[in-house]
Amino acid sequence: MKRLVLLAALAVLGMSQVAQAQTAPVKVDQVGIRKALAKSDADINDPKKGPKASTWITRGNQYFKAATAPTEGVYVLMPITDAVTQFGEASEVTRVKVGDNEYDKYSFPYFDAYVANNQIIAWNPKLVINPDAMTIAVEAYEKAYEIDNKTANRVADGLKNVANKNKEIGNSYFSLNKYEEAADAMALAYDAQIHPAVAYPDTLAAFNAGFLYAVSSKWDKGLKYLNEAKKYDYGSNGDLYYYMFHCYNGLGDKQAAKDILMEGLQKFPKNNEIVQGLIMVYSEDGQGGAEIIPIVEKAIENNPNDPYLYIGLGRIYDMIGDLDKSIEAFEKSSQMAPDDYSSFFNLGLLYIKKGDAMQQELDKVTFTNQADYKAESAKVTAAYAKALQPLEKSHELNPSDVQTVDLLKSVAFRLREDPEMKAKYEKYNALWQEMKGNQQ
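Just so we're clear, the structure is a prediction, and the values are computed from it rather than from any experiment.

Chemist: Lay out the packing of helix α17 (residues 388–397) against helix α18 (residues 402–414) in plain terms, naming residues and giving numbers.
Modeler: When two helices pack together, their arrangement is captured by the angle between the axes and the distance separating the axes. Relative orientation of the contacting elements α17 and α18 amounts to 150°, with a least axis distance of 9 Å. Regarding the angle of α17 to α18, the classification is roughly antiparallel. Between α17 and α18 the crossing geometry is left-handed. The segment α17 lies against α18, with L388, L391, E392, S394 and H395 engaging T404, V405, L407, L408 and V411. For the contact of α17 with α18, the per-class residue count stands at six nonpolar, three polar and one charged.

Chemist: Mind laying out the packing of helix α13 (residues 307–319) against helix α14 (residues 323–336), listing which residues take part and the relevant values?
Modeler: Remark: α13 packs on α14, axes separated minimally by 8 Å, with the N-to-C direction vectors making an angle of 160°. Between α13 and α14, the interaxial angle falls into the category roughly antiparallel. The interaxial crossing formed by α13 with α14 has left-handed handedness. Along the contact surface, α13 presents P307, Y310, I311, L313, G314, R315, Y317 and D318, while α14 presents L323, K325, S326, A329, F330, K332, S333 and M336.

Chemist: Can you break down the pattern of salt bridges residue by residue, with the values?
Modeler: Side-chain pairs of opposite charge can arise whenever the charged atoms involved come near each other. Inspection of every chain in the model, using the stated rule, returns 20 salt bridges. Here K165 ties to E168 by a salt bridge, and the two come within 3.8 Å at their closest N and O atoms. Of this pair, K165 and E168 both sit in helix α5 (residues 152–175), separated by three residues, roughly a single helical turn. On the basis of relative accessibility, which here comes to 10%, the residue E168 falls in the buried class. Where E263 meets K230, a salt bridge forms, and the shortest distance between an N and an O atom there is 3.1 Å.

Chemist: Would you mind going over the nonpolar core in detail, with residue names and values included?
Modeler: Within the largest apolar cluster, 101 residues are counted, with the highest numbers of intra-cluster contacts made by F108, F111, I120, Y141, V162, L212 and L278. At ten residues, the largest contribution of residues to this core is made by helix α6 (residues 179–194). Aside from chain neighbours lying at most four places away, what touches I120 is V74, Y75, V76, L77, M78, I80, A83, A113, Y114 and V115. Formed by 24 residues, the second largest nonpolar core is a distinct cluster that contains F330, V402, L415 and Y428.

Chemist: Which residues make up the pairing of strand β5 (residues 119–125), and what values go with them?
Modeler: When you tally the buried positions in β5, you get five out of seven residues, the bulk of the element. As paired strands, strand β1 (residues 78–79) and β5 are joined by two bridges and run antiparallel to one another. Across the sheet, residue P79 finds its bridge partner in β5, namely Q119. Of the pairings in the sheet, the one linking strand β4 (residues 111–116) to β5 comprises six bridges and is antiparallel in character. Of the residues in β5, the one forming a bridge with A113 is W123. From the end of β4 to the start of β5, which pair antiparallel, there are two residues, and N117 there has a positive phi angle of about 55°.

Chemist: Outline the sheet that holds β1, supporting the account with residue identities and numerical values.
Modeler: For sheets, the rule is that strands pair by backbone hydrogen bonds, running either parallel or antiparallel. Read from one edge to the other, the open sheet built from five strands follows the order β1-β5-β4-β3-β2, with strand pairing classed as antiparallel. Every interior strand has two partners, whereas the edge strands, β1 and β2 (92–98), have only one. Across four bridges, strand β3 (residues 101–107) lies against β4 in antiparallel orientation. The residue bridging S107 from the neighbouring strand is D112, located in β4. Lying on the sheet, α5 is in contact with β2, β3 and β5; it crosses β5 at an angle near 95°.

Chemist: So what's going on with helix α3 (residues 80–87)? Which residues, and what values?
Modeler: Buried within α3 we find I80, A83, Q86 and F87. Considered in projection along α3, the buried side chains sweep an arc of 120° and stay on one side of the axis. Buried positions along α3 lie against β1, β3, β4 and β5. Among the residues trailing α3, G88 stands out with phi positive, at a value near 90°.

Chemist: Tell me about the packing of aromatic side chains, and please be specific about residues and values.
Modeler: Overall, the coordinates contain 17 aromatic pairs when judged by the stated rule. In this arrangement the basic side chain of K409 is found over the ring face of W432, its NZ or CZ atom lying 4.5 Å from the centre.

Chemist: Got a sec to walk through the environment of Y110? Specific residues and values, please.
Modeler: Position of Y110 among the secondary structure elements: in the loop between β3 and β4. You can call Y110 buried: its relative accessible area is 15%. Remark: the alpha-carbon pair of Y110 and L431, spanning 321 residues in sequence, is separated by 54 Å. When residues no more than four places from it in sequence are discounted, the contact partners of Y110 are V26, K27, V28, P70, P125, K126 and L127.

Analysis parameters
Residues numbered from 1 in each chain as written. Predicted model: local features only at pLDDT ≥ 70, side-chain atom pairs only at ≥ 80, totals over all residues. Heavy atoms only, no water. Axes fitted to C-alpha atoms, helices over the stretch in contact; angles between N-to-C directions. Helix = DSSP H or I, 4+ residues; strand = E, 2+ residues; numbered from the N terminus. Parallel < 35°, antiparallel > 145°, perpendicular 65-115°, else oblique. Left-handed = near helix turned anticlockwise from the far one by under 90°. Contact = heavy atoms within 4.5 Å. Nonpolar A, V, L, I, M, F, W, Y, C, P; charged D, E, K, R; others polar. Salt bridge = Lys/Arg side-chain N within 4 Å of Asp/Glu carboxyl O. Buried < 20%, exposed > 50% of the residue type's maximum accessible area, 1.4 Å probe, protein only. Core = buried A, V, L, I, M, F, W, Y, C linked by side-chain atoms within 4.5 Å. Pairing = 2+ DSSP bridges. Arc of directions from axis to C-beta. Phe/Tyr/Trp six-rings, centres within 6.5 Å; stacked < 30°, edge-to-face > 60°. Lys NZ or Arg CZ within 6 Å of the ring centre and 35° of its normal.

Okay, here's the thing in structure tokens:
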């Protein structure tokens, strides 16, 4: 699956916050918070207090505080100087890499802050008072509303606080490549706001949750939240359909995967991701190649500079046995993406396949004279020879790929009557032997 950034879908919250000057670093009253939680647990089981909506509102507030106290006051793009003022000097500052990004990690008492350009990009809590605190808070607010819907305003305030905080948390986890944790936070944000007291179907949160679950291969959960976004016509320029396809495909429902892509294509005909998904589906099942070709060609018309569409078109033509059209498509993709070794590898492989096909046809013919046989055999040799240049380019771009060297060795052996080709064969054969030995 292509892993995309969220196209500004993850809202950056709290940017307007201003850190307040502190006379001393913030300290979390763990003892007091745990006592409050214990009292709440006792209150809801009390015959007099348990049936009161106010008891559950208080419970929601207490558990929300337990969930947020260790990182209270932290926000995305918070200047690290403000963080030091508020939370004290970091005990340690180290340079870390997260995915393709590098951060300075500041170790504060209750959380680690990941900093770039002197601003906090993400944080990871070290103190967790109750791992289920946020979920318990939501359940408590819902219970209060169930007991007395006149509490709707207070319940809505609590649920909105939960939603906003979880969007921040989701954004932070996303920056740390913790996609499932980010999905859980976004899902809770959506669930909190869908409650009747709020009645706000936050389709952005639903899409983010579904997308992140799909990235985490949690197909069922991905479909659940993507369907929620779809229900309210959140199309995300068609990306929603692409991620739904991956969820259906991950669950093994090939027909549903194909259907959702076709539905998405009708609404978003210029979305390349949808077309790539269709190419994947048709390439995997080996059927319907003729059906998908005009779709890919239309996508190329809309996006003429996308080499991956030409790669897809080449795969489909190869699947239906049209080697010349496939070669033409991969020639185009290799010109447009000169650093993509796979385009050159596939182009070389196709020339070998064409040479094999020509050789098979040649073997069926009975010749009456040697000159005619040599003339036709030379055409086969010429087809094989065309494989050398793209395969050598592929090897240059990816020198560790054994399969490319194996093909180069085989083609050079076929052409070994030429002294230059004989030397190439010896070169690639020696390299192949060395690479195979290193693998053992």
